[in-house]
Amino acid sequence: MTAIDLPPGIGLVGTPLGVFRAPRRARRLAILAAVLVVGLGALTWYAVSRHPYRYHSSTQVVLPVAFVAFAGLGVLVRGARVTVTRDGVRWGWAAIGFHQPAARIARAHVYADGVALQARRGSWWFLAARDWDRFDALVRQVRRADLPLELHGGRAPLRARLQSYGRFLDGLLLGSVLAALGVLIWAV
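What comes next is a walk through the structure. Every chain is numbered on its own, with residues counted from 1 as its sequence reads. A pLDDT threshold of at least 70 governs which residues receive local features in this predicted model, and a stricter bar of 80 or more applies before side-chain atom pairs are shown or counted, although totals over entire chains, interfaces and linings include all residues. Computation of side-chain values: all heavy atoms of the structure, hydrogens and water removed.

All right, on to the sheet that holds strand S7 (residues 125-128) then. Following DSSP output, two strands are said to pair if at least two bridges run between them. Put simply, DSSP marks the helices as runs of H or I at least four residues long and the strands as runs of E at least two long, and each gets a number from the N terminus on. Strand order in the open sheet made by the four strands is S7-S6-S5-S8, with mixed pairing throughout. The open sheet has two edge strands with one neighbour each: S7 and strand S8 (149-151). Averaged over all pairs of adjacent strands, the angle between their axes in this sheet comes to 20 degrees, without regard to strand direction. Pairing of strand S6 (residues 114-119) with S7, which is carried by four bridges, proceeds in the antiparallel orientation. Across the sheet, residue alanine 116 finds its bridge partner in S7, namely phenylalanine 126. Packing against the sheet, helix H3 (residues 135-144) makes contact with strand S5 (105-111), S6, S7 and S8, and its axis sits at approximately 30 degrees to S6. Axis definition: a line fitted to C-alpha atoms, over the contacting stretch in the case of helices. Angles run 0 to 180 degrees between N-to-C directions. Whether two residues are in contact is decided by their heavy atoms, any of which lying within 4.5 Å being enough.

Let us look at the layout of surface pockets. Considered as a void within the structure, the largest pocket measures approximately 260 Å³ in volume. Around the largest pocket sit Asp113, Phe126, Ala128, Ala129, Arg130, Arg155, Leu158, Arg161, Leu162, Ser164 and Arg167, which together line it. Mapped onto the lining of the largest pocket, the elements with two or more residues apiece are S7 and helix H4 (158-161). Partitioned by chemical class, the residues of the lining of the largest pocket number five nonpolar, one polar and five charged. A cavity here means a set of points on a 1 Å grid, drawn over the protein atoms and nothing else, where a 1.4 Å probe fits but cannot get out; a pocket is an open set with protein on both sides within 12 Å along at least five of seven lines, and a residue lines either one if it has an atom within 4 Å of a point. Grid points are joined across faces, edges and corners, and a volume is the space filled by probe spheres set on the points. Roughly 200 Å³ of volume is contained in the second largest pocket. Taken together, Trp91, Phe98, Trp124, Trp125, Phe126, Leu127, Ala128, Asp131, Trp132, Gln163, Ser164 and Tyr165 form the lining of the second largest pocket. By the convention adopted, Pro, Cys, Tyr, Trp, Phe, Met, Ile, Leu, Val and Ala count as nonpolar, Lys, Arg, Asp and Glu as charged, and the other residues, Gly among them, as polar.

Counted as salt bridges are all cases of a side-chain nitrogen of Lys or Arg within 4 Å of a carboxyl oxygen of Asp or Glu. With the rule as written, the count across this model stands at seven salt bridges. Aspartate 146 is the salt-bridge partner of arginine 86, the closest N and O atoms lying 3.7 Å from each other. Of this pair, arginine 86 sits in the loop between strand S2 (81-85) and strand S3 (88-92) while aspartate 146 is found in the loop between H3 and S8, placing the two residues 60 residues apart along the sequence. Using a 1.4 Å probe on the protein chains alone, a residue whose accessible area is under 20% of its type maximum counts as buried, one over 50% counts as exposed, and one in between counts as partly exposed. Classification of arginine 86 by relative accessible area gives partly exposed; the value is 45%. When the shortest N-O distance is used, the salt bridge between aspartate 136 and arginine 140 registers 3.8 Å. Here the residue aspartate 136 and the residue arginine 140 both occupy positions in helix H3, the gap between them amounting to four residues, near one helical turn. Since its relative accessible area comes to 48%, arginine 140 is described here as partly exposed. One continuous salt-bridge network, built from bridges that share partners, spans Arg78, Arg130, Asp131 and Asp170.

By the secondary structure assignment, threonine 44 is in helix H1 (residues 24-50). Threonine 44 sits in the buried class, given a relative accessible area of 0%. Pairing of N or O atoms within 3.5 Å defines a polar contact, subject to two protein rules: one partner must be a possible hydrogen donor and the other a possible acceptor, and residues neighboring in sequence count only if both atoms are side-chain atoms. There is a polar contact of 2.8 Å between the side chain of threonine 44 and the backbone oxygen of leucine 40. In contact with threonine 44, other than residues within four places in its own chain, are Gln60, Pro64, Ala180, Val183, Leu184 and Ala187.

Take the pairing of strand S4 (residues 97-101) next. With five bridges joining them, S3 and S4 adopt antiparallel strand pairing. Each residue of the ladder has a partner; that of glycine 92, found in S4, is glycine 97.

Let's shift gears to the sheet that holds S2. Strands sit in the order S1-S2-S3-S4 across an open sheet of four strands; the sheet is antiparallel. Either end of the sheet is taken by a strand with one partner, and the two such strands are strand S1 (16-21) and S4. Averaged over all neighbouring strand pairs, the angle between strand axes comes to 15 degrees, with direction disregarded. Relative to S2, S1 runs antiparallel, the two sharing five bridges. When the bridges of S2 are listed, proline 16 appears paired with threonine 85.

Shape is all these values report; function is a separate question.
This is how it looks when you write it as structure tokens:
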């Protein structure tokens, strides 16, 4: 029997203090949009197959593929998780993720609508409250991870809020469904 003691910070993920997912409503919206876009795309392809020699048939075949790609991106992004450990903050999935080590975080700015992780070098990470379930618990776990905190009253500055992808992603999903419906109507 052997025992191996690994020093902290060598790339292994520490024990999570908290794991956070996208809100259930956002995940359901992404899945619903993907199902609708795939179904509308199949109906569009069927309509195009009945009259394949029309002038715009090639466009009507390709556009549903793009909308399925957008919807797939939505499902993928909404499936990501934020994990707070004593070693830092990680965003991603089990196999692939992005890690902001605690040593690189100069300060965690806590606002009413999000947490901005200020790196010593490089760009800030902004975790918007509307993009993550149990935001109050996320703030508690950032505090528990012994990251240097700075509490701010009010909303985050615009440069931080621009990194929030939630509203844009929801708009992209809704736009994909509406555009797929439009292409179906066009093909019929």
